[in-house]
Each structure stands twice: as structure tokens, then as C-alpha cells.
Amino acid sequence: MRVTLRRQLILVVVLLTLTVLWYTNPRLIGADRLSAFSSEHGLIPQFPHLRSSPIDPHVLSIRRFWSPWATTIQDSAPQVDPVNLVYSANIIKPVNDGPREIHQNLVSISDEDEASLRAAHAKLRTVLDAYDHLEDAESHFSGTGVVTVAGGEYFGPFLAGLHMLRSTGSSLPVEAFLADSSEYEAALCEKVLPSLNAKCKILADFLQASNSTATKFKVEHYQLKSLAILFSSFTHTLFLDSDSIPLLDPAVLFSTEAYTSTGFIGWPDFWTATESPIFYSIANMTFPSDLPATSSEAGQLLVDKSRHLKTLLLAAYYNIYGPDWYYPLLSQGALGQGDKNTFETAAIVLGLPYHRVRTPVATVGRMDGREVKGSGMIQHHPNPPSRGEGKDSAPMPAFLHANTPKMNAGHLVDEGDLQDTHTAKHLRLWNSKEEAEKMFGEDLERRVWKEVVEVGCAHAKEVREWKDRKRLCERLHEHVKAVFGD
Ligand SMILES: *[C@@H]1O[C@H](CO)[C@@H](O)[C@H](O)[C@H]1NC(C)=O
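Residues numbered from 1 in each chain as written. Predicted model: local features only at pLDDT ≥ 70, side-chain atom pairs only at ≥ 80, totals over all residues. Heavy atoms only, no water.

- Looking at an unreviewed UniProt entry, one finds the protein chain named Glycosyltransferase family 71 protein and attributed to Aulographum hederae CBS 113979.
- In its Pathway (unreviewed entry) section, the UniProt record describing the protein chain reads: "Protein modification; protein glycosylation."
- In its Subcellular location (unreviewed entry) section, the UniProt entry covering the protein chain states "Golgi apparatus membrane". (UniProt positions renumbered as here; feature names shortened; annotations may be inferred.)

So this is what it looks like as C-alpha cells:
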């Protein structure tokens, strides 16, 4: 009995001593290193005086910019239950380019709830309308660059896309946003990305602020994208989904008339737009008569923050309150519901100019029986070819949004997308060689595979989710040998 009591007493004394040391002489017990580690990775509350490296000035700058907006967006939160749909909208191919016809309403909502959403939207709108964004645009953003959301299984396709970006000759800097510190991979963020003029940015770091409301949002999946674009350090921003592969140096897109005259370029989806008429009622406006027929596909997006900072703030609102309210209002359950329409819609609501690429999205892919095995979306240069240029007048492909499967070297060799289900024969993913040469002027698939193999072989032991995959590099080579003969 006595012995136990004495042990407990010793334990209490030791713990007390450690606690006192933690605050007074942290170096003695290694707390300084723990603190530096955790501050870098945002794990536990910080000891600012112990920080070994200062916080990224980019993060500090954006925190100052974002903190009041986080409060405003929080104050304008919808006060009603999540929006319900009677049923989901079907996907339909548009017959022509436009103008858009308003879709039937499929949202089931009471007049009171509709009025409440309209009041919340108006509250944000009042602040936005009074906001002179120019000073913020100039003091927090500069230059031109590419932004993406990576992390976890998205690092693989991002690395392939980054290699392709560099193979176009592009030297644009790249910022890859990760949701939080759990997605931070030191080998990639500290060595691989910097060698390709790319940086990891941890989104959760930007949301931290003394203002407690700033951290109340739960930001995940689709919602990350709007904040990544908003928080990126660039004024002239190309957002790319991690699986969207640039086929030309994107720098040229920023000097197109489409961009210089509007500061916003978006690309079309396959399907007609399906937003609810109730959305326009909530946004307190009449349905515009000049919208494109298709919904937008936001796998790639060009935005000039000196002209569209308000668009991005309103888009952030639609995304933060997306899953329960604005995603169903803007898509009514149609395939691909998510952030896709929020950016263009924000520009439309604010009456700001935007350019929607008119060349319809094209596809590349392969059928396996009745199952689509490979499928990618081809998006084009915004300048439609002028008439009468003969053979060369085809619109120029600018991006391959390779979404099924994604160019994740590890997943590709393990998930059966590369081989015929019955014969196990290795097959192409994106059309025949002849079709590819006609479309891209080269066998694009072969060129992409060169990068996929390079990425897979160089980083097989570094990318967290590839480490345990056996013979990754060899199996990538086997596929390339079987399909392309080299
Ligand atoms: C809706 O817009 C009109 C002007 O177009 C304005 O007078 C009215 O106050 C707005 N309503 C709300 C709820 O903001």
C-alpha cells in the first residue's frame, strides 16, 4: 500500500517537473523540437517563441486577408435545413451551343426557407458590393502560376501532370494545396516538387487565425478547390485538377483575348446545365438570357484576381455551403454535382465578364465490352480557329482531363485498367495510335506514358501510397513494352 502511494507521489512530482520544464526550459526535454515539428505540421497548439523556422509569409498574408471574410461568410450562413430534391436531374447532351433554357425545378423547399436563403445570400452580397477589392488584390497576390489540389492518391496524377507541364516548356510556378498536415509527404514536398518549381501548401495553415470563427468550416473534397485558388499566391491563376494534363504551355492562355478581356476562362462539360430556377430567386436576379447551354467543367480554370477576387469569394461561399445547399441548387443531382458550376455562376451573379470556351469538350477512351475502361476529356484552346484554314483549322487541344483512370502510376498497374478483362492483353487507354495522331499531331498516350514511367520509377519508394506496391517500376515498363514496343 505504502509502496504504491510513494510511486504515485513520485509520478506526480515527475509530471509536474516535466510540465514546468516544458514551459520554462523546453530544450532540456526536447519540447522545442516537438514544437517545431508540430508547428510545421499543424498538429498541436504552438509555442510561438520556440518556432525554429518562421511561418511562410504567404500564409501570414492570406490569414490577414481571409480572416474578416471567414467571419462574413460565417455570418451569412444558411439558416435552414439542407435542400432536398424531388429527384435527380438527368444528363442530356445539348442540341446546340445556347442560349441555355432554364431547367425544371426539382428542389423541394418552402417559401419561408427560400426567403431565408435569399436573406443570407443578400447579407454576403451587401458586404461584397461595398468591398473595394483592388488594394487586397495588390497587397496579397502577384505573378502568374498554376494551382492544384493534391495529397494522398492525388499526388500520383499530379506528378505526371507536372512532368507534362514541364515537357511543354512551361516554367510557370506551381502551388499544390494539401488539405492538412496529415497529407504532407516530406520526400515530395521538400525534394521532388521544389526540383520542378512546385511547392506544397497546407490549406489548414491558412485557415488558422486568432479569430476563432475562421476555423469553424469543415473544408473537404470539392470545397478545397475554391479556397486553393483563392489562397494561392498568384494574381493570374490557372487552376488544374490533379488529373488535368496540360498539352501546351499554359502561359499562352493568359495572353489570349478571351483572358485579357474578361480575366476568367472556363471550359464546357458534356451536358446541359441543370441548375434550379430557385437558385436565381435566392440570388435575387432574373435568369440571364445569354448563358451557354452546357454546364461548366471546372477541371481547369483561368482567373485574374485583380478582376475576379469577388467572384472567388462568392464561389467560396457557394462551396463552403455547397454540399447541403448550393451544390444541389446548382446541379439538382445531375452527374458530377459538386464545385463545377460554382465559379462561373459567381461571376454571372456579380455581373462580371467571363469567357466560356465554345469548342465542345471531346473524349478519348476505350470500351471493354460495355464498360468504359479509359476515358479522358479533351479541352481546347479558347480561340476557335478562323474559317478557311483547311486542315490546320481544327481547334487546338489544350488539356487532357484524364479522370478515368487517373494517371496514378501505382493504381494503374494494380487496378486492372490497363489490361483486357478476359485475355489480360495490355491495351491502349485513349483511342488508337492513328486517331491520337489525328487529334494531337502525335501519339499523345505514348508521350504521357513516358512521364508516368519516369514518375513511377523515380518515386516508387517515396510516394506514401506506392511504397508497398511490388515491382512498380518493372510493371510500368512491362505495360509500355507491350503496348508501345519500347
Ligand atoms: C433584390 O434586388 C433588388 C434590386 O434589384 C433590391 O431592391 C432588393 O433589396 C434585393 N433584395 C434582397 C433580399 O436583397
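1. A word on the state of the cysteines
Stage number 1. Taken as a whole, this structure holds 2 disulfides when the rule is applied.
Stage number 2. Bridging Cys189 to Cys200, the disulfide has an S-S length of 2.0 Å. Judged by the torsion about the S-S bond (-85 degrees), the Cys189/Cys200 disulfide is left-handed. Here the residue Cys189 occupies a position in helix H7 (residues 186-195), and Cys200 occupies one in strand E5 (residues 198-202), the gap between them amounting to 11 residues.
Stage number 3. Looking at the protein chain, its bonded cysteines, counted consecutively from the start of the sequence, adopt the pairing 1-2, 3-4. (Disulfide = S-S within 2.5 Å. Helix = DSSP H or I, 4+ residues; strand = E, 2+ residues; numbered from the N terminus.)

2. A short note on the sheet that holds E5
Stage number 1. With mixed pairing, the 7 strands of this open sheet are ordered in space as E5-E4-E3-E6-E9-E8-E10. Sheet topology places E5 and strand E10 (355-356) at the edges, where each strand pairs with a single neighbour.
Stage number 2. As paired elements, strand E3 (residues 144-149) and strand E6 (residues 236-240) share 4 bridges and run parallel to each other. From the neighbouring strand, Thr144 faces E6, where its bridge partner is His236.
Stage number 3. Its contacts with the sheet place helix H6 (residues 155-167) against E3, strand E4 (174-178) and E5, and it is angled at close to 175 degrees to E4. (Pairing = 2+ DSSP bridges. Contact = heavy atoms within 4.5 Å. Axes fitted to C-alpha atoms, helices over the stretch in contact; angles between N-to-C directions.)

3. Thoughts on the side chain of Glu175
Stage number 1. With respect to the helices, strands and loops of the structure, Glu175 is situated in strand E4.
Stage number 2. The charged side chain of Glu175 is buried without a salt bridge, its nearest counter-charge being Lys201 at 4.4 Å.
Stage number 3. Polar side-chain contacts of Glu175 include one of 2.6 Å to the side chain of Ser233.
Stage number 4. With residues up to four places along the chain from it excluded, the contact list for Glu175 reads His58, Val146, Val147, Thr148, Lys199, Lys201, Ser232, Ser233 and Phe234. (Buried < 20%, exposed > 50% of the residue type's maximum accessible area, 1.4 Å probe, protein only. Lys, Arg positive; Asp, Glu negative; His and termini not counted. Salt bridge = Lys/Arg side-chain N within 4 Å of Asp/Glu carboxyl O. Polar contact = N/O pair within 3.5 Å; in protein donor to acceptor, adjacent residues only side chain to side chain.)

4. Structural notes on the sheet that holds strand E11 (residues 362-368)
Stage number 1. Ordered in space as E7-E13-E12-E11, the 4 strands form an open sheet in which the pairing is antiparallel. If you trace the sheet from one side to the other, it starts and ends with strand E7 (244-246) and E11, each paired once. Pairwise comparison of adjacent strand axes, ignoring direction, gives a mean angle of 20 degrees for this sheet.

5. A closer look at the pattern of salt bridges
Stage number 1. Enumeration over the complete set of coordinates arrives at 20 salt bridges.
Stage number 2. Among the salt bridges present, the one from Glu275 reaches Arg100, with a minimum N-O distance of 2.9 Å. In this pair, Glu275 is assigned in the loop between strand E8 (264-272) and helix H11 (277-282) and Arg100 in the loop between strand E1 (84-85) and strand E2 (107-108), connecting sequence segments 175 residues apart. There is no split in this pair, since Glu275 and Arg100 are both buried.

6. Section: the environment of Ser170
Stage number 1. If you trace the backbone, Ser170 turns up in the loop between H6 and E4.
Stage number 2. For Ser170, a relative accessible area of 3% translates into the label buried.
Stage number 3. Note: C-alpha distance between Ser170 and Ala251 (81 residues apart in sequence) is 7.1 Å.
Stage number 4. A distance of 3.3 Å separates a polar atom in the side chain of Ser170 from a polar atom in the side chain of Asp249.

7. Focus: the nonpolar core
Stage number 1. In this structure, Leu400, Met407, Trp449 and Val452 are the most contacted members of the largest nonpolar core, which totals 64 residues.
Stage number 2. Among the elements that line this core, the one with the most residues is H6, at 7 residues.
Stage number 3. Counting contributing residues per domain, this core is built from domain 1 (84-356) and domain 2 (362-484), each supplying no fewer than three.
Stage number 4. Those residues in contact with Trp449 that lie beyond four places of it in its chain are Leu412, Leu418, Leu429, Leu476, His479, Val480 and Phe484.
Stage number 5. Among the nonpolar cores identified, the runner-up in size contains 63 residues, and Ala77, Ala137, Phe231 and Ile320 belong to it. (Core = buried A, V, L, I, M, F, W, Y, C linked by side-chain atoms within 4.5 Å. Domains from an automatic or database assignment.)

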